[in-house]
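# Chains, contacts and geometry: an overview
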Amino acid sequence: MEAIESRSAAETEALGARVAARLAPGDVIVVSGEVGVGKTTLIRGACRALGIEGPVTSPTFTIGQRYEGGRLPVSHLDLYRLESLEGEDPALLDDYLDGDGVAFVEWPAAGAGRLGRPALEIRLEHADGERRTIEIDW
Ligand SMILES: Nc1ncnc2c1ncn2[C@@H]1O[C@H](COP(=O)(O)OP(=O)(O)OP(=O)(O)O)[C@@H](O)[C@H]1O
Ligand SMILES: [Mg+2]
């Protein structure tokens, strides 16, 4: 486990690049922390390091999106609006969790039991101002 202090969005993106360097096909990375703490920012940094060029934002109208064109295909899931997957189509996550790519999951609680064992767990917390404390279990 490592606790990293980030002082800016750029530093959080740079940490995302360090995460990206370790990823292998099939990895699931859960990213937790409060609204606005920087989960998407970290994932954007990872995507840029993988060579993905388009916008990387939290999906709004779907639970996830898929970014192609980088070293690995990336799924970006945000389960914030899902209370649980109970009663949902069991295949809901399958499109995003194939073994070729990696999947970043914001607000993973609703996916408990369906995401498999994460390769990495990242937790972000607000500190003063723009500072964030980021814990990674690598
Ligand atoms: N040290 C920092 N690390 C990350 N983001 C920061 C930092 N300091 C300021 N910010 C700003 O905080 C915001 C973080 O937004 P972001 O969308 O990444 O959060 P999020 O955790 O994904 O939120 P949500 O739960 O709503 O999806 C951005 O506007 C970013 O520029
Ligand atoms: Mg987000």
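Reference entry: report on the structure contained in this document. Being a predicted model, the structure only gives us computed values, none of them experimental. (Residues numbered from 1 in each chain as written. Chains lettered and ligands numbered in written order. Predicted model: local features only at pLDDT ≥ 70, side-chain atom pairs only at ≥ 80, totals over all residues.)

## Remarks on the packing of helix H1 (residues 9-21) against helix H2 (residues 39-49)
Their axes nearest at 6 Å, the elements H1 and H2 cross at an angle of 55°. The orientation of H1 with respect to H2, classified from their angle, is oblique. The two elements H1 and H2 cross, and the hand of that crossing is right-handed. Every residue of H2 that contacts H1 at Ala 9, Thr 12, Glu 13, Ala 14, Leu 15, Gly 16, Ala 17, Val 19, Ala 20 and Ala 21 is listed here: Thr 41, Leu 42, Ile 43, Arg 44, Gly 45, Ala 46, Arg 48 and Ala 49. For the contact of H1 with H2, the class distribution of residues is 11 nonpolar, 4 polar and 3 charged. (Axes fitted to C-alpha atoms, helices over the stretch in contact; angles between N-to-C directions. Helix = DSSP H or I, 4+ residues; strand = E, 2+ residues; numbered from the N terminus. Parallel < 35°, antiparallel > 145°, perpendicular 65-115°, else oblique. Left-handed = near helix turned anticlockwise from the far one by under 90°. Contact = placed C-beta atoms within 7 Å. Nonpolar A, V, L, I, M, F, W, Y, C, P; charged D, E, K, R; others polar.)

## Remarks on the nonpolar core
Membership of the largest hydrophobic core comes to 34 residues, with the highest contact counts inside it found for Ile 29, Val 31, Ala 46, Cys 47, Ala 103, Phe 104 and Val 105. For this core, the secondary structure elements donating two or more residues are H1, strand E2 (28-32), H2, strand E4 (74-78), strand E5 (102-106), strand E6 (120-126) and strand E7 (132-136). (Core = buried A, V, L, I, M, F, W, Y, C linked by C-beta atoms within 7 Å. Buried ≥ 20, exposed ≤ 12 C-beta atoms within 10 Å, placed from the backbone.)

## Considering H1
If you check H1, its first and last C-alpha atoms are 19 Å apart, about what 13 residues at 1.5 Å a residue would give, namely 18 Å. The secondary structure elements touched by the buried residues of H1 are strand E1 (2-6), E2, H2, E6 and E7. (Expected span 1.5 Å × (residues − 1).)

## Topic: the site of ligand 1
Looking at ligand 1, there are 17 residues lining it, with Thr 12, Gly 38, Lys 39, Thr 40 and Thr 41 nearest. Those elements that place two or more of their residues in the shell around ligand 1 are H1 and H2. The class makeup of the residues in the shell around ligand 1 is 3 nonpolar, 9 polar and 5 charged. (Near = placed C-beta within 6 Å.)

## Considering the sheet that holds E1
With mixed pairing, the 7 strands of this open sheet are ordered in space as E1-E7-E6-E2-E5-E4-E3. Edge positions in the sheet fall to E1 and strand E3 (64-67), since each has one partner strand and no second. When strand polarity is set aside, the average angle formed by the axes of neighbouring strands in this sheet is 20°. Judged from the 4 bridges that link them, E3 and E4 form a sheet pairing that is antiparallel. By the bridge assignment for E4, Tyr 67 is matched with Val 74. Where H1 meets the sheet, its contacts fall on E1, E2, E6 and E7, and the angle it forms with E1 comes to roughly 145°. (Pairing = 2+ DSSP bridges.)

Everything listed here is a matter of coordinates, which is why it stays silent on function.
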